[in-house]
Every structure is written in structure tokens, then in C-alpha cells.
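As a plain string of letters, each chain reads:
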Amino acid sequence: MKIASKGQVTMPQAVREQAGLHPHSEVDFEVRANGDVVLRPVAAPAASVRAAFEPVRGSANASQFKGMGTEEFMAFLRARKNLLAAVGFCRRAGAVSCLEG
């Protein structure tokens, strides 16, 4: 892997998935005394729409959803309904009816 002129590195998809990193994820770097560099995800506030949908960011084709039917996927979203309502998403987006089951 090479570092681009602007300091960017493309992480392989398998590494991103294993680390739970998604597009626009916040990360921190730690440089250890021996020169090793450790990359860690920054925990997002729990009560946010972004946190509620983080597991599905990017694509519904993510590995954890492969083979999942529509009803299973809707159940996944319904399980997060209270969090979405708490941050006002359902009222703003008019999304309550699409999550009712």
C-alpha cells in the first residue's frame, strides 16, 4: 500500500468491514513509542440518527444483510425506532408509518 501525495491511504474493504468503519467514520491515530501506528474509530454520540443507521451505512448489501429478506430488514429498522423517535427523525421525515409493523 502506498501513501498518496496528500497523505491518503485506501483501506481494503475487508479491513474496513472487520473494523466496523463506514464512509465518513471518524478515526483517531496513536503513534506508539516503537513507531507503530494504531487507528481507532471514534465513538459517535449514541443518540443520533447517524449512530442508529451506522450498521447499514453505505449499502444494504453489507455482509450482515446478505440473504436478509425485506421483513427481516424492516424488523432491524423497527428495533431502532425508539432511538430515531428520541432524536426527532421520525417526526421530521414522516417516517413513523414506514417503520410501523
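Below is a summary of the structure that appears in this document. Position labels on residues start from 1 in each chain and follow its written sequence. At least 70 in pLDDT is required for a residue's local features to be given in this predicted model, at least 80 for side-chain atom pairs to be given and counted, and no such filter applies to totals for whole chains, interfaces and linings, which use all residues. The basis for the side-chain values is all heavy atoms of the structure; hydrogens and waters are excluded.

**Observations regarding the pattern of salt bridges**
Any carboxyl oxygen of Asp or Glu that lies within 4 Å of a side-chain nitrogen of Lys or Arg is treated as forming a salt bridge with it. Within the structure shown, the criterion is met by 2 salt bridges. With a closest N to O distance of 3.5 Å, glutamate 30 and arginine 32 form a salt bridge. Exposure classes here rest on a 1.4 Å probe applied to the protein chains alone. A residue is buried below 20% of its type maximum, exposed above 50%, and partly exposed in between. Look at glutamate 30 and you get partly exposed, because its relative accessible area is 29%. Residue arginine 40 is joined to glutamate 30 by a salt bridge in which the shortest nitrogen-to-oxygen separation is 2.5 Å.

**A few points about the environment of arginine 40**
Put simply, DSSP marks the helices as runs of H or I at least four residues long and the strands as runs of E at least two long, and each gets a number from the N terminus on. In this structure, arginine 40 sits in strand β2 (residues 37-41). Once residues within four sequence positions are removed from consideration, arginine 40 is found in contact with Glu26, Val27, Asp28, Glu30 and Arg32. Polar contacts, as used here, are pairs of N or O atoms within 3.5 Å; protein pairs need one atom able to donate a hydrogen and one able to accept it. Residues neighboring in sequence count only if both atoms are side-chain atoms. Among the polar contacts made by the side chain of arginine 40, one reaches the side chain of glutamate 30 at a distance of 2.5 Å. Whether two residues touch is decided by their heavy atoms; if any such pair falls within 4.5 Å, the residues are in contact.

**Concerning the pairing of β2**
In this structure, strand β1 (residues 27-31) lies alongside β2, joined through 5 bridges in antiparallel fashion. If you follow phenylalanine 29 over to β2, its bridge partner there is leucine 39. Any two strands with at least two DSSP-identified bridges between them are counted as paired. Hairpin connection, β1 to β2: the antiparallel pair is bridged by 5 residues, and glycine 35 has positive phi, about 95°.

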